[in-house]
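# Secondary and tertiary structure notes
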Amino acid sequence: MHMTRSFAITLLFGGAVLLGMTACSGGNPMVGSAEDALEQQNYERALSSVEKALEQDSANVEAYQLRARILRAQADSTTPPEQYADLHRRAKEAEAQALEFNPEVRSDIQNQRRLAYVQEMQNGANAFNQARQAGDSTLFMRAAGYFSAANIIEPDSADAHLNEAYARLNAGQRDEAVTPLETYVSKTDSVDANVYTILGQIHLTEDRSEKAMDVLEPAAEQYPENQEIQSLLLNAYSQSGDTQRAMEAYRSQIERNPDNATYRYNYGSLLLNADRFDAAIDQLAEATDLDPDNVKAQYNLGAAYVNKAGTINDSIRSIEDSIRAEDTQTVDEETDQQLESMAEQRDAALEEAIPPLEKARQLAEPGNQYRQDICRALFSAYVQTDQQDKAEDVEQCAGYEEGRTEQMTEGGGGSQ
């Protein structure tokens, strides 16, 4: 499933400004040298000086704090998005080291993080809005880098995770948006239905039905009237191969939405695959009444009748084989009546198969992937109901060689 929707963010800031802090060098000349280099925006030299200061004193708290400031300053608009986020990750690690040696600097570090967080969110919002105006995926990636940095600075910020996900989605990075979306869901008490549908769609597109169910089941409980969520969950059940669970879910939805042709078609198709032909016919007949132009529903309805006829025919042959095995010359009246009744049911099912199959053939233009299968089912129904002229009309469409009609007639023909 291809997603073409656009994802927007709304961020309001009161003109927050990231304030620089000037630390005292504490008498270590290398820290002073690093501060001078930072002021000159020579980040490599600044980091080198900090490393030398830490080599001299591995517990130098000011050096760790200065390293964090340098790394954040080094992250600018020319830094690749993933590297940009990594610089902020390294800055946070430096602050954690400072706290290990001196917990009393926690207040200063928290203030720096708050200011840095606001700045990155603002940067992200600016880049995102520019990207939307320009239609530039590169700018969306830039926005994702800013929001990713904000996530690193304040990992409990649900908004930063959601904004990163939307930036990545707009940049075409669908699978890379999964982690920030999942993080957002885990950190938010009231998740918007749209977020659930996006995440569910991504998992289904990538054939991750179990993950889709994990997302969509709680979503369906939270939004029981949201048809998009309900439909995605039903698709997840079907994709998972858990037929029984899928059928139970479809039956429940049909009780609530009896006029939904798609639910009827999908449920009927599941029943057809489970060889529950009568139940399948009931659902598929409703589906075709609700949506007569659904070629697949018409075809499956016809196929259900043909397969039902085939099952009855197999039972007839089984009884006849048993009679032959007993080597009896006569058949008792009860068995004879049973065989006659079964033959009538078989023929009636084949007759019932023809109208939806003819409709399906009419709807399936040449080149339609189902057209040959439709023609083959129709050919079989015509042959077994002794409609030879009509069978010959669809012989070429069915892909059979000339003369197949006569061969099937002579051989009795089996239901397909």
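Below: a short report on this structure.

## Thoughts on a negative patch on the surface
Residues D332, E333, E334, D336, E340 and E344 make up a contiguous surface patch of negative charge. Under the relative-accessibility criterion, D336 is labelled partly exposed at 41%.

## With respect to the packing of helix α1 (residues 29-39) against helix α3 (residues 61-74)
Running from N to C, α1 and α3 point in directions that differ by 15°, and their axes come no closer than 11 Å. Accordingly, the angle class assigned to the pair α1 and α3 is roughly parallel. For α1 against α3, the interelement crossing comes out left-handed. Contacts between α1 and α3 involve V31, A34, E35 and L38 from the first element and A63, L66, R69, I70 and A73 from the second.

## Description of the nonpolar core
A general trend in soluble globular proteins is that nonpolar side chains are found buried together. Ranked by size, the top nonpolar core spans 119 residues in total, and within it I70 and L181 carry the most contacts. The residues contacting I70, other than those within four sequence positions of it, are A34, L38, Y43, A46, L47 and V50. Counting residues in each nonpolar core, the second largest holds 6 residues, with I316, I323, L339 and M342 among its members.

## Examining unusual backbone geometry
Of note, the phi angle at Q41 is positive, near 60°, even though the residue is not glycine. Among the residues examined, Q41 registers a relative accessible area of 57% and is labelled exposed. Here the phi dihedral of D275 falls at roughly 65°; this positive angle occurs in a residue that is not glycine. Looking at where D275 falls in the secondary structure, it is placed in the loop between α13 (261-273) and α14 (277-290).

## Observations concerning helix α8 (residues 178-187)
Because an α-helix completes one turn every 3.6 residues, residues spaced three or four positions apart along the sequence face the same direction. Residues of α8 that are buried: V178, P180, L181, T183 and Y184. The secondary structure elements touched by the buried residues of α8 are α7 (158-170) and α9 (193-205).

## Thoughts on the pattern of salt bridges
Tallying each qualifying case throughout the model produces 15 salt bridges. Where R208 meets D175, a salt bridge forms, and the shortest distance between an N and an O atom there is 2.8 Å. Note that R208 is positioned in the loop between α9 and α10 (209-222) and D175 in the loop between α7 and α8, a separation of 33 residues in sequence. The class of R208 is partly exposed, set by a relative accessible area of 23%. Notably, a salt bridge pairs D347 with R346, separated by 3.2 Å at the nearest N-O pair.

Parameters at a glance
Residues numbered from 1 in each chain as written. Predicted model: local features only at pLDDT ≥ 70, side-chain atom pairs only at ≥ 80, totals over all residues. Heavy atoms only, no water. Patch = residues over 30% accessible without salt bridge, like charges linked within 9 Å, V, L, I, M, F, W, Y side chains within 5 Å. Areas by Shrake-Rupley, 256 points an atom, 1.4 Å probe, with all protein chains shown as cover. Salt bridge = Lys/Arg side-chain N within 4 Å of Asp/Glu carboxyl O. Lys, Arg positive; Asp, Glu negative; His and termini not counted. Charge placed at Lys NZ, Arg CZ, Asp CG, Glu CD. Buried < 20%, exposed > 50% of the residue type's maximum accessible area, 1.4 Å probe, protein only. Axes fitted to C-alpha atoms, helices over the stretch in contact; angles between N-to-C directions. Helix = DSSP H or I, 4+ residues; strand = E, 2+ residues; numbered from the N terminus. Parallel < 35°, antiparallel > 145°, perpendicular 65-115°, else oblique. Left-handed = near helix turned anticlockwise from the far one by under 90°. Contact = heavy atoms within 4.5 Å. Core = buried A, V, L, I, M, F, W, Y, C linked by side-chain atoms within 4.5 Å.

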